[in-house]
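A closer look at the structure
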Amino acid sequence: MDDHQRPDGVSDATVSALGKLSEALEAVEVARGHLYTFHRLSGTADLTVGQAVDELREAGHAELADRVEREVVGRNLLHGRWSFQIVEEYDDGYYSTFRRIEKEARDELVEGRRHLYEAEMKEDRRTHGHPGHEHRP
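These remarks concern the structure in this document. (Residues numbered from 1 in each chain as written. Predicted model: local features only at pLDDT ≥ 70, side-chain atom pairs only at ≥ 80, totals over all residues. Heavy atoms only, no water.)

1. Comments concerning the nonpolar core
Leu 25, Val 28, Leu 35, Ile 86, Val 87, Tyr 90, Tyr 95 and Phe 98 form the largest nonpolar core, which has eight residues in total. Of all the secondary structure elements, the ones that give two or more residues to this core are α1 (12-58) and α3 (83-110). When residues of this core are assigned to their parent elements, the largest contribution, five residues, is made by α3. Every residue in contact with Tyr 95, bar those within four places of it in the chain, is listed here: Val 28, Glu 29, Arg 32 and Tyr 90. Counting residues in each nonpolar core, the second largest holds six residues, with Val 10, Leu 18, Ala 105 and Leu 116 among its members. (Core = buried A, V, L, I, M, F, W, Y, C linked by side-chain atoms within 4.5 Å. Buried < 20%, exposed > 50% of the residue type's maximum accessible area, 1.4 Å probe, protein only. Helix = DSSP H or I, 4+ residues; strand = E, 2+ residues; numbered from the N terminus. Contact = heavy atoms within 4.5 Å.)

2. Some details on the packing of aromatic side chains
Counting across every chain of the model gives three aromatic pairs. Taken together, a centroid distance of 5.9 Å and an interplanar angle of 40 degrees make the contact between Tyr 90 and Tyr 94 tilted. Of this pair, Tyr 90 and Tyr 94 are both found in helix α3, four residues apart, which corresponds to roughly one turn of the helix. Classification of Tyr 94 by relative accessible area gives partly exposed; the value is 48%. (Phe/Tyr/Trp six-rings, centres within 6.5 Å; stacked < 30°, edge-to-face > 60°.)

3. Here's the deal with the side chain of Ser 42
You can see Ser 42 is positioned in helix α1. On the basis of relative accessibility, which here comes to 17%, the residue Ser 42 falls in the buried class. Beyond its immediate chain neighbours, meaning those up to four positions away, Ser 42 contacts Leu 77 and Ser 83.

This is how it looks when you write it as structure tokens:
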């Protein structure tokens, strides 16, 4: 059996519900990517503001440089947290829980098969026998 065919006895409603769960997980994956972008940009900003502090000092603005360094360089983004800690908490909590429960749902209902909804949509929308519309590679 193809890994993208529903097992015998699985209803349209089940495939649809698992498709929605998969769609939600895809949104979580995109959100996670944005969170990592936030992490990278926050780190870049901190390093760049450190360079700005050095340049302010070199330009004769030591007092302002000291204030920027004291109040911004190395500052927590959220209470007690740098961005890596935010990412770790998200990964270890919400993200890992969501991935686990989505896999458990697939394992329980469709023998672990992924993307059944999309596979059936592909089968419905492709032009059978036409180049570029093959069932699989």
